[in-house]
Amino acid sequence: MSRRVARVLIDSPLPQLDRLFDYAIPDELAGECVPGVRIKAPLRTAGRVVDGYVVEIGDEADGDRPLSELDSVVSAAEVLPPRLYALARRVADRAAGSAVDILRLAIPKRQVRVEKQWLAGDPPPAPVVPQGRVEAAHALLAAYPGLAEGLEESGRLAVDAPPRLEGARPAWTALISAAATVVLAAGRSVVLVVPDHRDLDALHGALLETLPADAVVRHDAQQTGPERYRGFLRTLADAPCVVIGNRSAVYSPVARLGLIALWDDGDPLYEEQLAPYVHARDAALVRQELADPDSGDSPALLLAGHTRTADVERLVALGWVRDVPAARRYAPNVILSAVNESERPGARIPSAAFRAAREGLEHGPVLVQVARPGYAPTLVCADCRAPARCRHCGGPLHAPGRGATPVCGWCGRSATAWTCAACSSPRVRLASSGSERTADELGRAFPGARVIVADGAHPVLEVDDRPALVVATRGAEPIAQGGYRAVLLLDGDRMLQAPELRIGEACLRWWSNAAALAAPGAPVHLVGVGGAVGRALATWTQAAYARAELADRAPLRMPPTARVARIEGDVAAVDRALSTLRADVPELPTDAVLGPVPLDRQGWPGARALIRFDYSRGAAVAASLRASVVTEAVNARSSRRGSAKSRAPRNILTARLDIVEPEL
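Residues numbered from 1 in each chain as written. Predicted model: local features only at pLDDT ≥ 70, side-chain atom pairs only at ≥ 80, totals over all residues. Heavy atoms only, no water.

1. What to know about the nonpolar core
Right, so step 1: If you look at the biggest cluster of nonpolar residues, it comprises 51 residues, and the most contacted ones within it are V79, L80, L103, I107 and Y251.
Right, so step 2: When residues of this core are assigned to their parent elements, the largest contribution, six residues, is made by helix α1 (residues 82-94).
Right, so step 3: Every residue in contact with V79, bar those within four places of it in the chain, is listed here: G36, R38, Y53, L84, I107, Y229, F232 and L236. (Core = buried A, V, L, I, M, F, W, Y, C linked by side-chain atoms within 4.5 Å. Buried < 20%, exposed > 50% of the residue type's maximum accessible area, 1.4 Å probe, protein only. Helix = DSSP H or I, 4+ residues; strand = E, 2+ residues; numbered from the N terminus. Contact = heavy atoms within 4.5 Å.)

This is the structure we're talking about:
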């Protein structure tokens, strides 16, 4: 006798539960239990009822197999369509993680009232884009020969956006908006992903000038729960739409997806902070390969930015992504400035840059970019130059204001009667200038000028076209009406000293984004920086810099020329995982594994190791590491009943792939 069986994904962080479980469907739930709905089901190993999603429904001829029955159907809303589960499963497998962890990013918390309204309402109609706006979008895309054809053919495209303003918005917003308009007019959905709320506001405004408001769905961390859930339910409808949001928007389950676009994929905000730590660019690449179950076609992928990351340039070199250059190249007026020998030693702003700021102030605002916020982020001993440290916790001291008592950056204590631990000197010296100190110094240098500070503590989104000195930290630069009449990029040498693998690439991105805010022909002074990074900015050849970075990293097998995984856990668990990996992937080179090295895990002895591997072996390495994580979790559950072992860390073994900054 046959019976109906539901295959269920349990909503649990335990890696051993990351698979589909079979449950019998009781007769009273037969009409409600369909693929995609939320359910509650008993979990015999835990002796409790857990949440889950129905992934598949099937008939089982052998009705004698003992199966637990579903407890209840939570809602009739089919929040997990097959296209979303397929994406979550594929992304999780690539990252050696759990599919349910991906779904937590994609499916918002349920809002009962919103859901009832959505179920009772009519499905939204297909949006209609006026023909005039479609023609205008095609005209804008024509500035990049082959771009419109690439979107139509579902290509993977890399575009260097024009580094300028168009009206009150950056030019890249018009470019991406035009691409979205063309794809939506063809009856397909669009997913646009940007790093932060500033970019989100700018792009949203550009879209609303071209598309109907009901065709644009916004995913924003600042939205309320009902607003976010209402937008998510809209993406489940068959009518196409344009979804804009931050990194988790890449998982929006829209139907007939025609385009995925990422702006500025080098921004660290794209790095997911929750397991399995998948970068939005990697998720977009995976999704682009999946054919849409409704249309049978893959979406186009557009990677746009003022700079080119080494990750994208590697794909361009392989031919996987096609570079689409502009028909007419535009570049800001970048000048490499250095302090002359005749000037005061240690001068922070060269005379040429100072003169450019003075001349720019005669016509409008001038942007001054600095490395860090605050007044004096770093203090040192005035006699021996040793870093000034808190006597209580050892944290770095900083000066919150001119003549103020130093304060610890870790514990917040005031360092009254401080003395140097190395030479006992009571005097401190300002070793760096933050945004507030820079504003103070420039205010004295340009008496009567308006000074505006823009950083994390003083957010400023826009400034008018009146003369002003705008001192901003990297990434916090406001947009000026008509563009800045001069741009000064300070502290470049200090930024490049950060001990990070990609610091040159990051600095080039910060400076390029700031230079794009300049008015046409306005001077952009990069102070105190030469070498490959300075030349790339001055000649506006960021892609060439990315190629050089790839060439330097290839002999060392550093990302992105190779993938890097990190495993942590008990010493024995790490050793077992590495032995299993060698057996599962015997073609790994002998030097693929770095470590293991000792690691203190909450007072419990542990170890950490890195694994470097080629992209072609990624699936095998991820499967092996995931199997080891599951095995150790199952064994730990059965052995944690002893009182001594119960004090061990909960995760005996963890694995993370695609490490951005490999370090042991």
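Structure's up, so let's keep going.
2. Some details on empty space enclosed by the protein
Right, so step 1: Going through the model one piece at a time under the given rule, you end up with four cavities of 30 Å³ or more.
Right, so step 2: By volume, the largest cavity is sized at about 50 Å³.
Right, so step 3: If you go around the largest cavity, the residues you meet are L105, A106, P108, H219, R228, F232, S248, A249, Y251 and S252.
Right, so step 4: A class-by-class count of the residues in the lining of the largest cavity yields six nonpolar, three polar and one charged. (1 Å grid on protein atoms, 1.4 Å probe; cavity = no way out; pocket = protein on both sides within 12 Å on 5 of 7 lines; lining within 4 Å. Points joined across faces, edges and corners; volume = space filled by probe spheres on them. Nonpolar A, V, L, I, M, F, W, Y, C, P; charged D, E, K, R; others polar.)

3. What about the sheet that holds strand β25 (residues 486-489)?
Pairing between the strands of a sheet comes from backbone hydrogen bonds, and it takes one of two forms, parallel or antiparallel.
Right, so step 1: One open sheet accounts for six strands, arranged β15-β26-β25-β16-β23-β21; its pairing is parallel. Across the chains shown, the open sheet's two edge strands, defined by having one partner strand only, are β15 (333-337) and β21 (451-454). The average angle at which neighbouring strand axes cross in this sheet is 20 degrees, direction not considered.
Right, so step 2: Note that β25 and strand β26 (residues 523-527) share three bridges and pair parallel. Of the residues in β26, the one forming a bridge with V487 is V524.
Right, so step 3: Strands in contact with helix α12 (residues 435-445) are β16 (365-370), β21 and β23 (468-473); relative to β23, the strand with the most contacts, it is inclined by about 160 degrees. (Pairing = 2+ DSSP bridges. Axes fitted to C-alpha atoms, helices over the stretch in contact; angles between N-to-C directions.)

4. Some points on the pairing of strand β4 (residues 48-60)
Right, so step 1: Pairing between strand β1 (residues 3-10) and β4: eight bridges, direction antiparallel. Residue pairing in the sheet places L9 in a bridge with Y53 of β4.
Right, so step 2: Here strand β3 (residues 38-43) pairs with β4 via six bridges, running antiparallel. Looking across to β4, one finds that P42 is bridged to V49.

5. Points about the sheet that holds β1
Right, so step 1: Strand order in the open sheet formed by five strands is β2-β1-β4-β3-β5, and the pairing between neighbours is antiparallel. Every other strand in the sheet has two partners, leaving β2 (20-24) and β5 (72-73) as the edge strands with one partner each.
Right, so step 2: The sheet contact formed by β1 and β2 spans five bridges and is antiparallel. Among the inter-strand pairings, A6 is bridged to a residue of β2, identified as Y23.

6. A few points about helix α10 (residues 310-318)
Right, so step 1: Of all nine residues making up α10, seven are buried, and the element is well covered by its neighbours.
Right, so step 2: Every buried residue belonging to α10 is among A310, D311, V312, E313, R314, L315 and V316, and all of these are buried.
Right, so step 3: Those residues of α10 that are buried are in contact with β6 (156-160), α9 (280-289), β13 (300-305), β14 (322-323), α14 (503-515) and α16 (542-553).
Right, so step 4: Of the residues one or two after α10, G319 is the one with positive phi, at around 85 degrees.

7. Topic: unusual backbone geometry
Right, so step 1: Of the consecutive residues A275 and P276, the connecting peptide bond is found in the cis state with omega at 5 degrees.
Right, so step 2: Position of P276 among the secondary structure elements: in the loop between β12 (257-263) and α9.
Right, so step 3: Of note, the amide linkage connecting G595 to P596 takes the cis form, showing an omega dihedral of 5 degrees.
Right, so step 4: Position of P596 relative to the elements: it lies in strand β28 (residues 593-601).
Right, so step 5: Of note, A417 is a non-glycine position whose phi angle comes to about 55 degrees, a positive value.
Right, so step 6: Mapping A417 onto the fold places it in the loop between β19 (407-408) and β20 (428-430).
Right, so step 7: For A417, a relative accessible area of 70% gives the class exposed.
Right, so step 8: Here the phi dihedral of R557 falls at roughly 55 degrees; this positive angle occurs in a residue that is not glycine.
Right, so step 9: Along the chain, the position of R557 falls in the loop between α16 and β27 (563-570).

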